[in-house]
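# Secondary and tertiary structure notes
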Amino acid sequence: MTDAQDLRRRTAELLAAHPPATTDRLEFLRARFDAGLAWVHFPAGLGGLDAPRSLQAVVDAELAAAGAPDNDPGRIGIGLGMAAPTVLRFGTDEQKQRFLRPLWTGEEVWCQLFSEPGAGSDLAALATRAVRDDEGGWVVDGQKVWTSSAHLARWAILIARTDPGVPKHRGISYFICDMTYPGVEVRPLRQITGEAEFNEVFLTGVRIPDAHRLGAVGEGWKVAQTTLMNERVAIGGSRIPREGGMIGVAAADWRARPALRTHDLHQRLLKLWVDAEVARLTGERLRQQLTKGQPGPEGSGMKLAFARLAQEISGWEVEFLAEDGLTYDDWTMRRPDGVDFTGREAGYRYLRAKGNSIEGGTSEVLLNIVAERVLGLPPEPRTDKDVAWKDLPR
């Protein structure tokens, strides 16, 4: 049984064999993965040591103290938080060996081809089709939207309809799509910030081998649930210190500008600070629960809290800073690598936070999930539950 002392020993051995000051960054990351210190809770040979998930913090602390490079998690968050746990749970041995190492080291960026313009918040209503070809593979046609990092990605996790003759949840299959395949077109989707970190993706006659299917044909919704539950934990449950994240920026503004303080703003900031601390502690409890297995629907509550707090804190900050809060540095159309909620000005945070209640599941859908699957309340009436997808009105 691997314990903290054993992990410290293994980490020291890694650092001795690959000193961070003199070792190429990618070489160090590959060596860390091979040593089982990437995800310690993953199986041996796949970046882990079959150790408790909670012991990852021991490795991370030792490496940070030694100045070791990280894998730039902000840039490869979709791969780390969504693709990796799905591949681990449903992938074949060949798929795990092929995809997990370059995913973790950041050599290959991933994106998520789930949302569609015609399906809205009802993901199971997706219309992208995957049809068998003469060689046993699949030909995919359709359109996806709100795809973060598609302009950077080599691989995508993709769900498509393989059987329109059954109810919508049962006719979906799950694939890994090579974004360099012929027929994949990525177009920037400019946002309210002026940037285009999101994209539209058009799939026209894209041929995907059956070896890149995850899970059984027609069971893509089951596979997608693993992705979605991990996505909501990744978005809403990231580990931050007390007064970290956006509430830390707001508190720093308050302390630095006493001339702008008012009683009303003070009361609102105190409430937001308490709410942020409650959310942080709840996220810590959720991560401890994850050590016992896969995430459940509780992650939807964390994502809900994250979206609400981000919008309320950024709104408070813009109001507190008065005219300075309205400034925004650059409306130039750019395609950034990711989102920076703490390193830019208040105007950016205010605008970008508007998307938090849409991306990763709309707040309205997540409220239904919490109500039905966490609180056990009666579900909403669904007249389309047993109707074949092809017969649904559109």
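Please refer to the structure higher up on the page.
In what follows, the accompanying structure is described. Fair warning: this is a prediction, and the values are worked out from it, not measured in the lab.

Cut-offs applied
Residues numbered from 1 in each chain as written. Predicted model: local features only at pLDDT ≥ 70, side-chain atom pairs only at ≥ 80, totals over all residues. Heavy atoms only, no water. Helix = DSSP H or I, 4+ residues; strand = E, 2+ residues; numbered from the N terminus. Rg over C-alpha atoms; globule rule 2.2 N^0.38 Å. Buried < 20%, exposed > 50% of the residue type's maximum accessible area, 1.4 Å probe, protein only. Contact = heavy atoms within 4.5 Å. Areas by Shrake-Rupley, 256 points an atom, 1.4 Å probe, with all protein chains shown as cover. Lys, Arg positive; Asp, Glu negative; His and termini not counted. Charge placed at Lys NZ, Arg CZ, Asp CG, Glu CD. Salt bridge = Lys/Arg side-chain N within 4 Å of Asp/Glu carboxyl O. Core = buried A, V, L, I, M, F, W, Y, C linked by side-chain atoms within 4.5 Å. Phe/Tyr/Trp six-rings, centres within 6.5 Å; stacked < 30°, edge-to-face > 60°. Lys NZ or Arg CZ within 6 Å of the ring centre and 35° of its normal. Patch = residues over 30% accessible without salt bridge, like charges linked within 9 Å, V, L, I, M, F, W, Y side chains within 5 Å. Expected span 1.5 Å × (residues − 1). Bend = angle between axes of the 7 residues up to and from the residue. Axes fitted to C-alpha atoms, helices over the stretch in contact; angles between N-to-C directions. Parallel < 35°, antiparallel > 145°, perpendicular 65-115°, else oblique. Left-handed = near helix turned anticlockwise from the far one by under 90°. Nonpolar A, V, L, I, M, F, W, Y, C, P; charged D, E, K, R; others polar. Pairing = 2+ DSSP bridges. Disulfide = S-S within 2.5 Å.

### Focus on the overall build of the protein chain
Along its length, the protein chain carries 11 helices and eight strands. Its C-alpha atoms give the protein chain a radius of gyration of 22 Å, near enough to 21 Å, the size a compact globule of 394 residues would have. The principal-axis extents of the C-alpha atoms in the protein chain amount to approximately 70 × 55 × 45 Å. A buried classification covers 50% of the 394 residues belonging to the protein chain. Looking at the protein chain alone, contacts between residues at least 24 apart form 71% of all its contacts between residues at least 6 apart. Split by element, the accessible area of the protein chain, about 18500 Å² in all, is 53% carbon and sulfur. Separation of charge centres in the protein chain, based on 49 positive and 54 negative side chains, amounts to 3 Å.

### Description of the pattern of salt bridges
Pairing between side chains of opposite charge can happen when their charged atoms approach one another. Per the stated rule, a full pass over the model turns up 34 salt bridges. Residues Arg-9 and Glu-13 are paired through a salt bridge, measuring 2.9 Å at the closest nitrogen-oxygen approach. Here Glu-13 and Arg-9 lie together in helix H1 (residues 4–17), a separation of four residues that amounts to about one turn.

### So, the nonpolar core
Ranked by internal contacts, the top residues of the largest apolar core, which has 54 residues, are Trp-39 and Met-179. It is helix H4 (residues 77–90) that provides the largest number of residues to this core, a total of seven residues. In this view, Met-179 contacts Cys-111, Leu-113, Ala-150, Ala-153, Arg-154, Trp-155, Ala-156, Val-184, Val-186 and Val-201; residues no more than four positions away in its chain are not counted. One finds Met-246, Trp-254, Ile-313 and Trp-316 within the second-largest nonpolar core, a separate group that totals 19 residues.

### Topic: the packing of aromatic side chains
Counted under the stated rule, the structure contains 16 aromatic pairs. Here the aromatic rings of Trp-254 and Trp-316 are separated by 6.2 Å at their centres, their planes lie at 45°, and the arrangement is tilted. Separated by 62 residues along the polypeptide, Trp-254 in helix H7 (residues 245–256) and Trp-316 in helix H9 (residues 298–320) bring together distant segments of the chain. Per residue, the accessibility class of Trp-254 equals that of Trp-316, and both read buried. Members of the aromatic cluster, each reached through a chain of ring pairs, are Phe-33, Trp-39, Phe-42 and Trp-104. Taking the ring centre of Tyr-348 as reference, the NZ or CZ of Arg-344 above it sits at 3.8 Å.

### Here's the deal with a nonpolar patch on the surface
A cluster of nonpolar residues, Val-374, Leu-375 and Leu-377, forms a patch on the protein surface that exposes about 270 Å² of accessible area. Mapping Leu-375 onto the fold places it in the segment after helix H11 (363–374).

### Let's talk about H4
The end-to-end C-alpha separation of H4 is 19 Å, in line with the 20 Å expected for 14 residues at 1.5 Å each. Along its length, H4 reaches its greatest deviation from straightness, about 40°, at Ala-83, and the proline Pro-85 lies no more than four positions downstream. For H4, the tally of buried residues reaches 11 of 14 residues, placing the bulk of the element in the interior.

### Description of the side chain of Lys-96
Along the chain, Lys-96 falls in helix H5 (residues 93–105). The buried charged residue Lys-96 lacks any salt bridge, with Asp-93 as its nearest oppositely charged partner at 4.4 Å. Aside from chain neighbours lying at most four places away, what touches Lys-96 is Leu-46, Val-87, Leu-88 and Gly-91.

### Re unusual backbone geometry
Apart from glycine, the bulk of residues carry a negative phi angle, and the bulk of peptide bonds sit in the trans form. Within the chain, Asp-50 stands out as a residue other than glycine whose phi angle is a positive 55°. Note on placement: Asp-50 falls in the loop between helix H2 (25–34) and helix H3 (56–65). One non-glycine residue, Asp-72, lies in the positive phi region at around 55°. Tracing the backbone through its elements, the reader meets Asp-72 in the loop between H3 and H4.

### Focus on the packing of H7 against H9
Put simply, H7 and H9 touch, their axes get as near as 10 Å, and they point 20° apart. Considering their axes alone, H7 and H9 lie roughly parallel with respect to each other. Here the hand of the crossing between H7 and H9 comes out left-handed. Residue-level contacts link Met-246, Ile-247, Val-249, Ala-250, Asp-253 and Trp-254 of H7 to Ala-310, Ile-313, Ser-314, Trp-316, Glu-317 and Phe-320 of H9.

### Some remarks on the packing of H1 against H3
Remark: H1 packs on H3, axes separated minimally by 9 Å, with the N-to-C direction vectors making an angle of 35°. Crossing angle aside, the handedness with which H1 passes H3 is right-handed. Facing H1, whose interface residues are Ala-4, Leu-7, Arg-8, Thr-11, Leu-14 and Leu-15, H3 presents Val-58, Val-59, Glu-62 and Leu-63. Residues belonging to the contact of H1 with H3 are distributed by class as follows: seven nonpolar, one polar and two charged.

### Here we look at the pairing of strand E7 (residues 198–208)
As judged from the six bridges shared by strand E3 (residues 138–144) and E7, these two strands associate in the antiparallel manner. Counted as the bridge partner of Gln-143 is Phe-202 from E7. Examined bridge by bridge, strand E6 (residues 184–189) and E7 share six bridges and lie antiparallel to one another. Bridge pairing in E7 places Arg-187 opposite Glu-200.

### Looking at the state of the cysteines
Summed over all chains, the structure comprises zero disulfides. Cysteine Cys-111 is unpaired, with the sulfur of Cys-177 as its nearest cysteine sulfur at 7.9 Å.

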